[in-house]
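Architecture at a glance
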Amino acid sequence: MRRRFAPALACCLTVVACFTGCDKGEPLSVSQQLDLGWEALRVGNIDSSRLHFESAITTASSNQERAKAKFAMATSLSLPQITPDVERARKLLSEAIVLDADPGTETAPWAALLLARLGDLRDIDPDAVDILVNPDARDKYRDVMTRWPTHPAAQEARAYLVTSLVAARTPDEATEAIRLVDEFVATNQDSPWSATLLGLKSRALRTLGRSEDRLATEIQSLELARKIDAAGTTEYAGNIWGIGIIAEFEAGDLAAARKYYSLLIAEYPADQRVFNAEQALKRIDALEATLKQEIALENTAKETRP
Amino acid sequence: MMAIFRFLVNNAALILIAAAFAWAAGTVWTRAARSIEGENEIILRVCHWQLETGYRDAINELGKDFSDDYFKRTGKRVTIIQDAIPETVYGQFVSTNLIGGTAPDLISVGLGLSNVIWREYLNRYFVPLTSDINRPNPFNVGTKLEGVPFKQTFVDGGRSSYNEELQNYMTVPTSVHAIRLFYNVDLLEKLTGLRTPPKEWNAFLAMSEKIKAQKKADGTHYTPLASSKYHFGVWVSTVADPLTWTLLHKADFNRDGYVSSEETFAAVKSGRLKFDDPAIRARYAIITQLSPSFPEGWTGKQRDEAVFLFAQQRAVFIPTGTWDARSLQQQAIDADGKQIFEVGIIDFPSPTSTDPVYGPFALGPKYDRPLPWGGFGITRTCKHPDVAFEFLQYISSLEGNEKFCRIVGWIPVVEGAAIPESLRSFKPTLRGMYGNFTPFVGGETNVRFEQLTDVFIAGRITFDEMVRQYTPEYLDKGERDYNLAKRDWKRGSLGSEQFLLAIRESLKTVPADRQREMLWRYASLTARRQLFPTVDRAYQVKLIADSGNGLVQLPAPYELSAAARSRAKEKLRKTFALESN
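Residues numbered from 1 in each chain as written. Chains lettered and ligands numbered in written order. Predicted model: local features only at pLDDT ≥ 70, side-chain atom pairs only at ≥ 80, totals over all residues.

**Let's talk about the overall build of chain B**
- When its secondary structure is counted, chain B shows 20 helices and 13 strands.
- With the C-alpha coordinates aligned to their principal axes, the bounding extent of chain B is approximately 85 × 75 × 65 Å.
- Within chain B, buried positions represent 39% of all 581 residues.
- Within chain B, contacts between residues separated by at least 24 positions form 70% of all contacts whose residues are at least 6 apart in sequence. (Helix = DSSP H or I, 4+ residues; strand = E, 2+ residues; numbered from the N terminus. Buried ≥ 20, exposed ≤ 12 C-beta atoms within 10 Å, placed from the backbone. Contact = placed C-beta atoms within 7 Å.)

As structure tokens, this is what we get:
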């Protein structure tokens, strides 16, 4: 008796469960699908993000919506390591650029930037472990900067282009990187990217061995960052320590070194490098004493010279 | 009667399930009933894993104080309900409740789940506290911290509250932990005549020898230092590792203040650093002096066994953290509440700068990293996030935190708050040396290093033999490990890009008045995760390539270049000239 009814009961329960589990609400809008997809992508739920983006591509009713959906889908196909489909991603990005070609466009510059990024992230042989950037991607970054000069994507493209140039560690590329940074910072002091670009410029100056300029650039970068970051959300202990180090060992500016080591001690008393900063201050005192002695001896020698 | 018995036996499983269901339903019902707010009442549910003595009392006590204060201001009472969850199921409890939308209002963050999962939970289910934590704490009015931004009132400047990936302050800490040496004062006195052990290393060793030489009534020897595999790590990090601080000067090529494993690899490859460096030799010498004071067979012992040895008064010292302070003190009291032995606490012994062996490396005390503990986050399902935040401000105000930590027996997290008398010696030392010995590049070198270390500790090979065996294997396997690390880094940069793009998309929904701040955070995050690492890695690749080709002599990282020295001298000369004019 029990055996006869058990399968029937199981079937009934399954049917009831299916009905109760069915979503009886309105279908999601394209914008909702996109939001859910991005949220899923942010927490690494790739399959779910792709389902939402695919659905958004299908249901999009305007070119702008379709471009947004294709850009989103291309992101979730190209960047995750799980079952990537970079070729389809590239196709979708090219389509998004064409679909969203209006002057006030929103998506096309981001799609073009992602195409450029794929040059750096996907077009380098994974086994070529010492190659970190792809010079072929640089023209694509430049293209974003030229076609949409006022769009935020252009600022980001500039940051990646400068990174690519500085990472090459050659004098010519470092010089070009410095020119790109100076050109931007001169007219965009308030941009959130300025402090970052100056940080990259400092590294380019290191390649060129221009220590004193490097010190000035690092200080400018820190001051700009603190001005923009009015809420004080970022920690600057590493930057302050770095300035002390550059001042002492590269620029030979002992006064600046002393100032920034002391600043680290005062502003970040719990930082692990506070002990190092104290040791550095002692080291500078000793060096200064030696140098003063040398200068005094030299001066005496000059005075006594016939 | 038999029929009933037969029924019970035949349906035992069913009855058990029904009983469990009834118990669970009863618990849910009573808890739900407790969570229903009365008129003029606000209920805050607080979830944590602290089952140690005093913690729940402290939360209750501070909850009552806060409620009184809140009542005076608003006419409403605040009731605190605690969910004290055992460590073993904490992760599951938090996950289930966060995902199910039934999470408590305040959750202590950090235990039971991986960092990645916590980060995602913080992102999805918790309220960012950045704007609030940047304002002064109103409960500090009238104290020396009045007007100071809340985050800066913490001993670590609020660093532990900040989540780099989310670019937001997400939690509020309530206490700090540190690791110290606990000891049985009475046993020490009985065996050595001392009530306070010496701080100087050699005197401490001599005292250990004296302890070890004495026998208990059963004929077995006393153990100076309770230890296990776990405790050995504590000893090494506190006593031996700080002696390697000076390796900075040989291997910190990017001069960021830390020696990475890649920098050590470059330094060893180029010959600038050798594994028999005097600082490394000193590290192993002190380990060799330490281990004979451990109990027999300590390498096979578990953490609890070492604690047991201490509680049974067979060992005199045990290293552990403040979280165990009250529990250890309770072990020293019998069932009738009578004190069996007194527990003392000291900082770890260390060599002085005049020590003939360790002196050149003992340039200061060891650095104590302040370890803010179990900071609370506010969940998005909290009905009264403002009140929850006020409660956290109350617990972490100068006076509130002093009281909280006095009850629980932990170290206050608020700068300048009085530390309970029994924990004075726990006050973290913020200016000191830290370890810079990073002897393996990746998995293969790590395995070999651990194997040789075990053999060395067992006394089967000497330090020189260990170095002789390890160096060629390190150079060979290190190259492979380094290549694997570079591949991992490339893969990681794809993940970072994915994360950053999703963050960038979320900026579109941020209110206009917060756009600029959020864009700054995004740019800053991009710089830290993608831009600077790419350039810095490129320099590192060059450094390691140069270190092996014999073409470039790597400069000592902290050596003044001739050009820098000359510029410094020129500047001083100008200052002199100005002064004499």
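**Quick notes on the environment of Val-316 of chain B**
Residues and elements named next belong to chain B.
- Structurally, Val-316 is set in strand 9 (residues 315–321).
- Classification of Val-316 by C-beta neighbours within 10 Å gives buried; the count is 29.
- In sequence terms Val-316 and Tyr-222 are 94 residues apart; their C-alpha atoms lie 7.9 Å from each other.
- The residues contacting Val-316, other than those within four sequence positions of it, are Tyr-183, Asn-184, Leu-187, Leu-188, Leu-191, Ile-211, Tyr-222 and Pro-224.

**Topic: the confidence of the model for chain A**
- On average, residues of chain A score 89 in pLDDT, and 91% of them reach the 70 mark or higher.
- The secondary-structure element of chain A with the lowest mean pLDDT is helix 1 (residues 2–21) of chain A, recorded at 58, while helix 9 (residues 171–187) of chain A shows the highest, at 97. (pLDDT = per-residue confidence, 0-100.)

**Quick notes on the interface of chain A and chain B**
- The interface is formed by 57 residues belonging to chain A together with 63 residues belonging to chain B.
- In terms of residue count, helix 14 (residues 274–304) of chain A provides more of the side of chain A that touches chain B than any other element does, nine residues in total.
- Per-class residue counts for the side of chain A that touches chain B are 30 nonpolar, 13 polar and 14 charged. (Nonpolar A, V, L, I, M, F, W, Y, C, P; charged D, E, K, R; others polar.)

**Let's talk about unusual backbone geometry**
- The phi angle at Arg-169 of chain A is positive, at roughly 60°, despite the residue not being glycine.
- If you trace the backbone, Arg-169 of chain A turns up in the loop between helix 8 (152–167) and helix 9.
- The backbone of Gln-313 of chain B sits at a positive phi, close to 60°, despite the residue not being glycine.
- Tracing the chain through its elements places Gln-313 of chain B in the loop between helix 13 (303–311) and strand 9.
- According to the C-beta neighbour criterion, Gln-313 of chain B is partly exposed, with 17 such atoms within 10 Å.

**Here we look at the sheet that holds strand 11 (residues 371–373) of chain B**
Residue and element names in this part refer to chain B.
- Taken in spatial order, the three strands of this open sheet run 11-6-13, and their pairing is antiparallel. With partners counted over all chains shown, the strands left at the sheet margins are strand 11 and strand 13 (411–412), one partner each.
- The pairing of strand 6 (residues 175–177) with strand 13 spans two bridges and is classified as antiparallel. Counted as the bridge partner of Val-176 is Ile-411 from strand 13. (Pairing = 2+ DSSP bridges.)

**Re the pairing of strand 9 of chain B**
Residue and element names in this part refer to chain B.
- Buried residues dominate strand 9, accounting for six of its seven residues.
- As paired elements, strand 7 (residues 179–184) and strand 9 share five bridges and run antiparallel to each other. If you follow Ile-179 over to strand 9, its bridge partner there is Gly-321.
- One ladder, built from two bridges, connects strand 8 (residues 223–225) with strand 9; its direction is parallel. Counterpart to Leu-225 in the pairing with strand 9 is Phe-317.

**Some points on helix 16 (residues 398–408) of chain B**
Residues and elements named next belong to chain B.
- Inspection of helix 16 places Leu-398, Gly-400, Asn-401, Phe-404, Cys-405, Arg-406 and Val-408 among the buried residues, and these make up the whole buried set.
- On its buried side, helix 16 packs onto helix 3 (55–74), strand 6, helix 15 (385–395) and strand 13.
- Phi turns positive, to about 80°, at Gly-409, one or two residues after helix 16.

**Examining the nonpolar core**
- The biggest cluster of nonpolar side chains holds 163 residues, and the ones touching the most others in it are Leu-93, Ala-111, Ala-157, Val-162, Ala-177 and Val-181 of chain A.
- When residues of this core are assigned to domains, at least three fall in each of domain 3 (179–361) and domain 4 (443–549) of chain B.
- When residues no more than four places from it in sequence are discounted, the contact partners of Leu-93 of chain A are Phe-71, Ala-74, Ala-111, Leu-114 and Leu-115 of chain A.
- The next biggest cluster of nonpolar side chains, apart from the first, holds 57 residues, and it includes Ile-80, Ile-133, Phe-150 and Leu-392 of chain B. (Core = buried A, V, L, I, M, F, W, Y, C linked by C-beta atoms within 7 Å. Domains from an automatic or database assignment.)

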